[in-house]
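# Structural characterization, general
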Amino acid sequence: MRTTQLSCLLLSMLLLACDRPADMAEEPNEIETYTIEQFMNTEQIGGSAFSPDESKIMYSSKKTGIYNAYELAVEGGEAQQLTNSESESVFAYSYFPEDERILFSSDKGGNEINHLFVKNLNGEITDLTPDSTAKAMFMGWAADDQSLFYANNSRNPQAFDVYELNIDQIEEVESSVAAYQPKMLFENDGRFYPGPISEDKKYMSLTESITRQKVNMYLYNMETGDTKMLNDAEDQVAYAPQYFSKDGSKLYFLSDKNSEFTYLSSYDIASGEINKVEEAEWDIMYAYQSKNGKYRVVGINNDAQTEIKIYEEASGAQISLPEMPSGEITSVNISDSEKLMAFYVNSSTSPNNLYVYNFETEEYTQLTDTMNPEIDEMDLVNGEVVRYASFDGMEIPAILYKPKVLQEGDKAPAMLWIHGGPGGQSRLGYNALVQYLVNHGYTIFAVNNRGSSGYGKTFFAADDQKHGEDDLQDCVEGKNYLASLDYIDSTRIGIMGGSYGGYMTLAALAFEPEEFDVGVDIFGVSNWLRTLKSIPPWWGAARESLFNEMGNPETDSAKLYNKSPLFFADQITKPLLVLQGANDPRVLKVESDEIVEKVEANGVAVEYVVFEDEGHGFLKKDNQIEGYQAILEFLDKYLKAAAEEEVEASL
């Protein structure tokens, strides 16, 4: 099976970067201050798919203010817009294998009920998965290019079944909705998450999440209907199938068995023999093979940034590429002919740009220039990876951004940024919100508290059943680290974050009310009892895994009550800003409604911004502008201005 390699397009507010140390001495210079509109006029793009003749690359762009599909010639030139959605984000997946119909995904207002759509050659758009209540996920094209695979939970909201749909069934139609009769390849009982399919369509890999540290791996025989567990039942190991060998004899997978970090291995289907293929000093995040098996691409999570390695599969030799553009290379996608490679490059001060590399000529071409020309890259800030000791001596990694606008003797207000998850990671890369705040004089400190991914399984598991406790103390010690820096105003340090980071913000204000001076909660959990009970049905078995990590609302209600900021909101005394999407299926709007109401009752300054057309994350540019502007104005009012008033009063 061929799976199109696309980068994730959902907004990540966690991407931070590191090119040179943030505390490196710099010559005094005039730094221009930019508006949020200027930052957001930097084009956000992602994903790549080659056209059948490999003359063009399709990708997704927010150029119009909402994601749509675009295409560019591999030689460069003007991009052509392929979809024209004005209300719902479009995420481009692939051209059809033998013509230029395109396959894409879209939901309704961020509700995460994604459907698969085809834009036909006549311009008509067809919904391939028209059940309004069901979520669909593209799983790739068959090796013979005559059908596609997708997963869908229409039969059972808690289980993703796998289907095959022949291309010859997808006709040019006048109606925007068509009813197809795909072939069911796997009926899921709800325990499994489907993975790669072998090219002969005989096998499918499956995973079963028990906890974050225990994910079982299975082999499903689509001819006999038999399911076989491939790991020992007692393993406390996270397994992740990646791809089958071209002849279907081996399954390649990631695991962390007997290791702190995940590595690549192969499983011989006939003999059951397992052999290690590649390991690194960090987690291998993914591995895949090019269409004809010539190349293997491996992505490594090297201290919060992606390191790409490409191997010639036959010899095992690593490909020696010419000197590439400066920055982090991500989202490598090799064309079917294996002559071309699309990839992205970004850095702290430069957003994603799309490139194409020719293996034969050993030359690359930059296809996009996404930075707003009104912004001088030299005015932006590089991040620095730092580490500090927490309350128990555990080393905590973080990413530090020091404002360039500071003059000698200045002291800046600061904000801790806490990533989502639990189990996420603040990573290196360009982020408009971070650069916007730093450009306006705020130090940003992105903490990868215990429980973050990317630093080994011991660190990853260190917050299990201790959320809002030990990981919160990591944040408190992060604040203390900031306070020790001579350019930080130690009396003006706040905390902010999205999703689980929003919860950590609320937990900090409720459980450590004297530590932080303000909080910015972006769709954060306030009541774990309700949130865990309202997990979307399509999470399936992952729901039980989350219960094992956080606590079960039926059996651990007292523990979950005690870590829910809502029930301790009377202890919140510092100003709070809350941002929420009305259609969020993960953290329901009521979570934010109630915490705002409770904190207002304390007589504490609270501001609340709700986006009626967003879900778990804000995708529309106008909403991002409004939300990010609200954050800066809130911080200027309650953090920066307060400090300036105190200085003036002391004179």
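Because the structure is a prediction, the values reported are computed rather than measured. (Residues numbered from 1 in each chain as written. Predicted model: local features only at pLDDT ≥ 70, side-chain atom pairs only at ≥ 80, totals over all residues. Heavy atoms only, no water.)

Below, the discussion takes up the overall build of the protein. Within the protein, the regular secondary structure consists of 10 helices and 35 strands. In terms of overall size, the protein behaves like a compact globule, its C-alpha atoms giving a radius of gyration of 25 Å where 651 residues would be expected to give roughly 26 Å. Within the protein, the fraction of its 651 residues that count as buried is 61%. In the protein, the share of contacts with a sequence separation of at least 24, taken over all contacts with a separation of at least 6, comes to 57%. Distance between charge centroids for the protein: 5 Å, based on 49 positive and 108 negative side chains. (Helix = DSSP H or I, 4+ residues; strand = E, 2+ residues; numbered from the N terminus. Rg over C-alpha atoms; globule rule 2.2 N^0.38 Å. Buried < 20%, exposed > 50% of the residue type's maximum accessible area, 1.4 Å probe, protein only. Contact = heavy atoms within 4.5 Å. Lys, Arg positive; Asp, Glu negative; His and termini not counted. Charge placed at Lys NZ, Arg CZ, Asp CG, Glu CD.)

What follows covers the pattern of salt bridges. Under the definition given, this model contains 30 salt bridges. For lysine 246, the salt bridge goes to glutamate 199, with nearest N and O atoms at 2.9 Å. Residue lysine 246 is found in the loop between strand S17 (240–244) and strand S18 (250–255), and its partner glutamate 199 is found in the loop between strand S13 (193–197) and strand S14 (203–209); the two are separated by 47 residues along the sequence. Across the pair aspartate 235 and lysine 257 runs a salt bridge, and its minimum N-O distance is 3.5 Å. Of this pair, aspartate 235 sits in the loop between strand S16 (227–229) and S17 while lysine 257 sits in the loop between S18 and strand S19 (263–268), and the two are 22 residues apart along the sequence. By relative accessible area, aspartate 235 is classed as buried at 8%. Among the ionic contacts, a cluster of salt bridges with common partners joins Arg212, Asp463, Asp464 and Glu549. (Salt bridge = Lys/Arg side-chain N within 4 Å of Asp/Glu carboxyl O.)

With that out of the way, let us pick up the pairing of S14. Here S14 lies mainly inside the structure; six of its seven residues are buried. One ladder, built from three bridges, connects S13 with S14; its direction is antiparallel. Across the sheet, the residue bridging to proline 194 is leucine 206, located in S14. Examined bridge by bridge, S14 and strand S15 (residues 215–221) share seven bridges and lie antiparallel to one another. Its bridge partner lying in S15, tyrosine 203 is registered against asparagine 221. (Pairing = 2+ DSSP bridges.)

Turning our eyes to something else, we now look at helix H4 (residues 470–483). For H4, with 14 residues, the first-to-last C-alpha span of 20 Å sits near the 20 Å given by 1.5 Å per residue. Those residues of H4 lying buried are Asp470, Asp471, Leu472, Asp474, Cys475, Val476, Gly478, Lys479 and Leu482. Looking at the buried side of H4, the elements it contacts are strand S28 (384–389), strand S29 (395–401), strand S30 (412–418), strand S31 (443–447), strand S32 (488–498) and helix H5 (500–511). (Expected span 1.5 Å × (residues − 1).)

This brings us to helix H2 (residues 432–439). Among the eight residues in H2, eight count as buried, and that is most of the element. For H2, the complete set of buried residues consists of Ala432, Leu433, Val434, Gln435, Tyr436, Leu437, Val438 and Asn439. Near the N-terminus of H2, the side chain that reaches the backbone nitrogen of leucine 433, with its oxygen 3.0 Å away, is that of asparagine 431. Of the residues one or two after H2, glycine 441 is the one with positive phi, at around 100°. (Polar contact = N/O pair within 3.5 Å; in protein donor to acceptor, adjacent residues only side chain to side chain.)

Take unusual backbone geometry next. The residue after glycine 421, namely proline 422, is reached through a cis peptide bond having omega 0°. Its identity is not glycine, yet glutamate 54 carries a phi of approximately 60°, on the positive side. Tracing the chain through its elements places glutamate 54 in the loop between strand S1 (45–50) and strand S2 (56–61). For glutamate 54, a relative accessible area of 13% gives the class buried. One non-glycine residue, aspartate 145, lies in the positive phi region at around 65°. Aspartate 145 gets classed as buried once you look at its relative accessible area, which sits at 15%.

One finds Leu416, Leu437, Val520 and Ile631 to be the most contacted residues of the largest nonpolar core, which totals 107 residues. Here this core gets nine residues from one element, more than from any other, and that element is helix H10 (residues 621–650). Sequence-distant contacts of isoleucine 631, defined by excluding residues within four places in its chain, comprise Leu433, Leu437, Met496, Val520, Ile522, Leu577 and Leu579. In this structure, Phe149, Val162, Tyr218 and Trp538 belong to the second largest nonpolar core, which totals 18 residues. (Core = buried A, V, L, I, M, F, W, Y, C linked by side-chain atoms within 4.5 Å.)

Okay, the side chain of glutamate 54 next. No salt bridge is formed by the buried glutamate 54; its nearest oppositely charged neighbour, lysine 339, is found at 6.9 Å. Among the polar contacts made by the side chain of glutamate 54, one reaches the side chain of serine 335 at a distance of 3.2 Å. What glutamate 54 contacts, discounting residues up to four positions off in sequence, is Val74, Ser335, Asp336, Ser337 and Leu340.

Most of strand S11 (residues 159–166) sits out of view: seven of its eight residues are buried. Here strand S10 (residues 147–156) runs beside S11; their pairing, made up of seven bridges, is antiparallel. In the strand pairing of S11, serine 147 is matched with asparagine 166. Between the antiparallel neighbours S10 and S11 lie two residues. Pairing analysis gives three bridges linking S11 to strand S12 (residues 183–186), with the strands arranged antiparallel. Note that in S12 the partner of glutamate 164 across the bridge is lysine 183.

Attention now moves to the environment of glutamate 626. The residue glutamate 626 is located in helix H10 in this model. By relative accessible area, which is 44% here, glutamate 626 ends up partly exposed. C-alpha separation for the pair glutamate 626 and isoleucine 595, spaced 31 residues apart in sequence, amounts to 21 Å. When sequence neighbours within four positions are dropped, the list of residues in contact with glutamate 626 reads Val609 and Phe611.

Once that is clear, we can look at the sheet that holds strand S23 (residues 305–312). In space, the three strands of this open sheet follow the order S21-S22-S23, with antiparallel pairing throughout. With partners counted over all chains shown, the strands left at the sheet margins are strand S21 (283–289) and S23, one partner each. Mean inter-strand twist for the sheet, computed between neighbouring axes without regard to direction, equals 20°. Pairing of strand S22 (residues 295–302) with S23 involves eight bridges; the strand directions are antiparallel. Counted as the bridge partner of asparagine 301 is threonine 306 from S23. (Axes fitted to C-alpha atoms, helices over the stretch in contact; angles between N-to-C directions.)

Turning to the packing of aromatic side chains, a few remarks are in order. If you walk through the whole model with that rule in mind, you get 32 aromatic pairs. Relative to phenylalanine 39, the ring of tyrosine 34 has its centre 6.0 Å away and its plane inclined at 85°; by these criteria the two rings are edge-to-face. For the pair tyrosine 34 and phenylalanine 39, a shared accessibility class is recorded, and that class is buried. Measuring from ring centre to ring centre gives 5.9 Å for tyrosine 239 and phenylalanine 253, while their planes differ by 45°; the resulting arrangement is tilted. Here the residue tyrosine 239 occupies a position in the loop between S16 and S17, and phenylalanine 253 occupies one in strand S18, the gap between them amounting to 14 residues. Of the two residues examined, tyrosine 239 and phenylalanine 253, each falls in the buried class. What links up through ring pairs into an aromatic cluster is the set Tyr93, Phe96, Phe138 and Trp141. Stacked on the ring of tyrosine 311, the Lys or Arg arginine 296 has its end atom at 4.5 Å from the ring centre. The residue whose ring lies beneath lysine 402 is tyrosine 487, and the NZ or CZ to ring-centre distance is 4.4 Å. (Phe/Tyr/Trp six-rings, centres within 6.5 Å; stacked < 30°, edge-to-face > 60°. Lys NZ or Arg CZ within 6 Å of the ring centre and 35° of its normal.)

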